[in-house]
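Descriptive analysis of the structure
Residue-level listing of the chains:
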Number of protein chains: 2
Amino acid sequence: MEIAEKKGKLFIISGPSGTGKGTICKALLERNDIDISVSMTTRTPREGEIHGVSYYFATREEFEQTIAEGGFLEYADVFGNYYGTPKAMVVEKLQQGRDVILEIDVQGAIDAKKVYPESILIFILPPSLKELRARIEGRGTETEEVINLRLSKALEEMSYIDKYDYFVVNDIIDDAIIRTEAIMHAEHGRVVPEDVKYILDKYKEEEKCYTHQ
Amino acid sequence: MEIAEKKGKLFIISGPSGTGKGTICKALLERNDIDISVSMTTRTPREGEIHGVSYYFATREEFEQTIAEGGFLEYADVFGNYYGTPKAMVVEKLQQGRDVILEIDVQGAIDAKKVYPESILIFILPPSLKELRARIEGRGTETEEVINLRLSKALEEMSYIDKYDYFVVNDIIDDAIIRTEAIMHAEHGRVVPEDVKYILDKYKEEEKCYTHQ
């Protein structure tokens, strides 16, 4: 008997920049039978980017029309370009029983949870600020000033951790992936009102058959 | 940095008789660095039973004294013998950072959660009533009447599943063990108010060091 697996679950992986959430999501996709949510954006496609895979590319008009229709789980205007998570596509996959992962920033995660409260929010934490600094410095693309700004932003974002369901410290990447997978696995056994009714009905239905034997 | 691992977690494994919770607990103990809670009882020790390992054996007077002191996570009088989970021993292990598993019946689990709300309740479900019946019949020790009574009791107990945090369907035992372990693993990353404060303080402390460099 397949219990309470009828609807997929939405796992939102987020956390400060530099914590490795992208690497974790990539591994989750490779190792599990799940889907990733594709964002919609108004920015110009870069070479090699494929519509519907990298992003859904849209005009500002189309994007704002979708906003007006309440069609986003979350969206933001970043330096003049819109980025957002189209609700319909995520919901459709969930209805098909597919799990979906969504990699977004902290504000986006909190917004998405408001629109879709069943979302499971996972906060990826750095092992320490020192290590986070080292990782950002390692990229070699940022000035000292920008690095300090990023660290301040990381701390500010971390203050929202109480809005999350889980945290995963990304110290050793393989451990972080396994821990995130454990969360996904465990959540399929979480008792939530809708599932409970479904579970009990299954057994009650069976009992009815017994009685009428 | 070890985050929020300072206190152990109490996992209560329960469910109807015949669902295999004992087998799951045994495997959990063998495969993980965790402790099991030892019950106190007033019944006479059987041959081979060791005080402090099988049970803590106590007189009715001692047991009732512990009840009066609010010293049990849960207790019950079963056919004239008391059985209970001494709170102090569990709490001591948790304080030492040890995870503890406790295998009890449904009523005991619900009582324990009231006394220790941080308990994580896991309900072990049979794959179906038919299979549960087959398992009880397989023991070959029960009359048809008793089997029917057990099945009715199982269904009644299952109606309390909404008091639980998780359910695990024990169809294939190895899968059930792995799923229970995933829950235990995931719960160490669950955001709970006390841990959140601890997590943030760690990073803030570190930031302070940065600022004073």
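Heads up: these notes are all about the structure in this document. (Residues numbered from 1 in each chain as written. Chains lettered and ligands numbered in written order. Predicted model: local features only at pLDDT ≥ 70, side-chain atom pairs only at ≥ 80, totals over all residues. Heavy atoms only, no water.)

**Brief notes about the packing of helix H7 (residues 173–187) of chain A against helix H7 (residues 173–187) of chain B**
The condition that has to hold: Angular values range over 0 to 180 degrees, each being the angle between N-to-C directions of two axes fitted as lines to C-alpha atoms, with helices fitted over their stretch in contact. Helix and strand definitions here come from DSSP, where helices need a minimum of 4 consecutive H or I residues and strands a minimum of 2 consecutive E residues; each element is numbered from the N-terminal end. If you view the pair so one helix is near and one far, a crossing is left-handed when the near helix is turned anticlockwise from the far one by less than a right angle, and right-handed when it is turned clockwise. Any pair of residues with heavy atoms lying within 4.5 Å of one another is described as a contacting pair. In this classification, the charged set is Asp, Glu, Lys and Arg, the nonpolar set is Ala, Val, Leu, Ile, Met, Phe, Trp, Tyr, Cys and Pro, and all remaining amino acids, among them Gly, are polar.
As a packed pair, H7 of chain A and H7 of chain B sit with axes 8 Å apart at the nearest point and diverge in direction by 115°. The handedness of the crossing between H7 of chain A and H7 of chain B comes out as left-handed. Residues Ile 178, Arg 179, Ala 182, Ile 183, His 185 and Ala 186 of chain A of H7 of chain A pack against Ile 178, Arg 179, Ala 182, Ile 183, His 185 and Ala 186 of chain B of H7 of chain B. Considered class by class, the residues forming the contact of H7 of chain A with H7 of chain B number 8 nonpolar, 2 polar and 2 charged.

**As for the sheet that holds strand E7 (residues 100–104) of chain A**
Within a sheet, adjacent strands bond to each other through the backbone by hydrogen bonds, running parallel or antiparallel. All names here are of chain A. To be explicit about the condition: For two strands to count as paired, DSSP must find a minimum of two bridges between them.
Reading across from one edge, E2-E7-E1-E8-E9 is the order of the 5 strands in this open sheet, with parallel pairing throughout. Of all the strands in the sheet, the pair left with one neighbour each is strand E2 (35–36) and strand E9 (166–169). As defined by bridge partners, strand E1 (residues 10–14) adjoins strand E8 (residues 120–125) across 4 bridges and the pair is classed as parallel. Note that in E8 the partner of Ile 12 across the bridge is Leu 121.

**Focus on the interface of chain A and chain B**
Heads up, the rule is: We define buried area as the total accessible area lost by two parts upon association, computed with a 1.4 Å probe and summed across both. The salt bridge definition used is simple: a Lys or Arg side-chain nitrogen within 4 Å of an Asp or Glu carboxyl oxygen. Polar contacts, as counted here, are pairs of nitrogen or oxygen atoms within 3.5 Å of one another; within protein the pair requires one atom able to donate a hydrogen and one able to accept it, and residues that are adjacent in sequence qualify only if both atoms are side-chain atoms.
Each partner contributes to the interface: chain A provides 39 residues, whereas chain B provides 39 residues. Surface buried jointly by chain A and chain B totals about 3,700 Å² across both partners, of which 66% is contributed by carbon and sulfur atoms. For the pair chain A and chain B, the number of links is 2 salt bridges. The salt bridge partner of Arg 190 of chain B is Glu 187 of chain A, with a shortest N-O separation of 3.2 Å. For the pair chain A and chain B, the interface holds 17 residue pairs in polar contact (both at pLDDT 80 or more). Residue classes in the side of chain A that touches chain B are distributed as 24 nonpolar, 5 polar and 10 charged.

Just geometry here; none of it tells us what the structure is for.
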